[in-house]
Amino acid sequence: MAKSYDLIIVGAGMVGALSAILLAKSSLRIALVDKHDGEYRLSTPPAYDARVSAISSQSKALLEKASVWQGIAKDRIASYDNMVVWDGLGEGYIDFNAQATAMPELGHLVENAVLNQQLMVQVRRSKNIDLYLGDSLESHELSESGVRVELMSGHVLEAQTIIAADGAMSKLRSENAFDTVEWDYGHHAIVTTIEIAQSHENTAWQSFGEEGILAFLPLPSVDQKHFVSIVWSVPPKEAESLMVLDEKAFCRRLHYAMNKRFDVLGITQVRQAIPLRQRHAKQYVKAGLALIGDAAHTIHPLAGQGANLGFGDVKALVEVLEKAHRRGEYLGTSKVLRRYQRARMLDNIAMAAGMESFKRLFSTQQPFIVQLRNIGMKQFNKGESLKKKLVARAAGLSSFS
Ligand SMILES: Cc1cc2nc3c(=O)[nH]c(=O)nc-3n(C[C@H](O)[C@H](O)[C@H](O)COP(=O)(O)OP(=O)(O)OC[C@H]3O[C@@H](n4cnc5c(N)ncnc54)[C@H](O)[C@@H]3O)c2cc1C
């Protein structure tokens, strides 16, 4: 016999879990399905996770609304007040700081494992969410008047609509023939945690140079030891050779790639190399189905905006569905779901286009372009009002649309 819900959310990653918690607060009945077992998410991981996310003010506010942020141990959150971006091939640099932009901080860095764990705590506290972990969709039928899903475990679920939060390789997106615009960035991101000798000064450091795009993202210090999470975006062949370097050689390369600013003492996490791909679905919705988060779009991590865009999707979708629910509208109609698409698509495309131009501008080593780029950076750095606008945009406090 089928079990009946208002919504079925597929994917209990950051984006799917947060949408479930917020929608459940509007007394909607939710089935949350994830192919992973998820038990590991119930306790705070003892060691730093190699994957971290820069969380914007808008995302933080949403996580607070879901009572998730309050549960994160203070010693697992690092706020950053400054961001310094420079051109490794010249003298151009841009510095952003919270004081000049009248914000308490530019953002926070949180390990993905810690965030996922707190999301799962709140999911489990909600009486309106049934969790189907270690399970996925065997088959599904979509229509304007309702969806029906059969899970691998044999459970049959019915609801008004499915929300696909099943990540970059979304099966729901491909099985329902959503067209995408996508291309390889021709880069892999190497991520890990390292210990440095000097303080990171609560600053996110980012270098664009011959050695690729390298970010040092501040983590909380422990026993006066300083740690940063790195994201090092380089062509795949270069990534391959960096991945097999021994620890000492890898640390030396980091030291030079960061303009000798920090002495790198060691690696504290296994290195991971993640292929980077830009992808954007041409539509986010069909009758009975809405794509959110990485299922709808992925961008280069250079500005740390992927999850923040996903949380922006959550905010918009929750507003649309709550309002429709209050009015007694059926939640799975194209008419209702298109309101979410209208609210998000332009903003997401503008951010993706911005990241692409930035990446291309810094991919070239042609002397003429490098010279122009450096002049541009110096000029930009003097323009406080433009910097303020960019910071407000990155914080999610203003939009392009
Ligand atoms: C190197 C790197 C650094 C980044 N840094 C930042 C940053 O600083 N700030 C930021 O905002 N973003 C950052 N991002 C982007 C961010 O990590 C992603 O945008 C975010 O994790 C996407 O979350 P999601 O919930 O949409 O997808 P995912 O995290 O991929 O979650 C998808 C979930 O769906 C489940 N699933 C998949 N398929 C199925 C299925 N068939 N059935 C059931 N369940 C399924 C998976 O198990 C998973 O739990 C970074 C990305 C990279 C690669």
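Preceding this paragraph is the structure being described.
Scope of this entry: the structure provided in the associated data block. (Residues numbered from 1 in each chain as written. Predicted model: local features only at pLDDT ≥ 70, side-chain atom pairs only at ≥ 80, totals over all residues. Heavy atoms only, no water.)

Describing the packing of helix α1 (residues 14-24) against helix α3 (residues 112-125)
Keep this limit in mind: Throughout, an axis means a line fitted to C-alpha atoms (over the contacting stretch in the case of helices), and angles, computed between N-to-C directions, take values from 0 to 180 degrees. For helices the rule is a DSSP run of H or I covering at least 4 residues; for strands it is a run of E covering at least 2, with both sets numbered from the N terminus onward. Here roughly perpendicular refers to angles of 65 to 115 degrees, roughly parallel to angles under 35, roughly antiparallel to angles over 145, and oblique to all remaining angles. Should the near helix be turned anticlockwise from the far one by less than a right angle, the crossing is termed left-handed; should it be turned clockwise, right-handed. The contact criterion used is simple: two residues touch if any of their non-hydrogen atoms lie within 4.5 Å. Each residue is assigned to one of three groups, with Ala, Val, Leu, Ile, Met, Phe, Trp, Tyr, Cys and Pro labelled nonpolar, Asp, Glu, Lys and Arg labelled charged, and all others, Gly among them, labelled polar.
Where α1 meets α3, the axes come as close as 9 Å, and the angle between the chain directions of the two elements is 30 degrees. It follows that α1 is roughly parallel to α3 by the angle criterion. Relative to α3, α1 is oriented so that their crossing is left-handed. Contacts between α1 and α3 involve M14, A17, L18 and I21 from the first element and N112, L115, N116, L119, Q122 and V123 from the second. Classifying every residue of the contact of α1 with α3 gives 7 nonpolar, 3 polar and no charged.

Description of the environment of L276
Examined against the element boundaries, L276 turns out to sit in strand β19 (residues 272-281). C-alpha separation for the pair L276 and K248, spaced 28 residues apart in sequence, amounts to 26 Å. Non-local contacts of L276, meaning those with residues more than four positions away in its chain, are made with D184, Y185, G186, H187, H188, A189, S233, H300 and P301.

Details of the site of the ligand
Inclusion rule: Near is defined per residue: the residue qualifies when any heavy atom it owns lies within 4 Å of the molecule or strand. We define a polar contact as two N or O atoms separated by no more than 3.5 Å, with the added condition that, inside protein, one atom must be a possible hydrogen donor and the other a possible acceptor, whereas residues neighbouring each other in sequence contribute only through side-chain atom pairs. Here the accessible surface of atoms and residues is derived via Shrake-Rupley with a 1.4 Å probe, and residues count as covered only by protein chains that are part of the display.
Around the ligand sit 29 residues, and of these D34, A54, D294, A307 and N308 come closest. In this structure, an oxygen atom belonging to the ligand sits 2.6 Å away from a side-chain N or O atom of D34. Here a nitrogen atom of the ligand sits 3.3 Å away from a polar atom, N or O, in the main chain of G306. Within the complex, the protein chains bury 86% of what would otherwise be the 1000 Å² of accessible surface of the ligand. For the shell around the ligand, the secondary structure elements donating two or more residues are α1, β4 (52-55), β14 (180-196) and α7 (306-327). When its residues are assigned to classes, the shell around the ligand shows 10 nonpolar, 11 polar and 8 charged.

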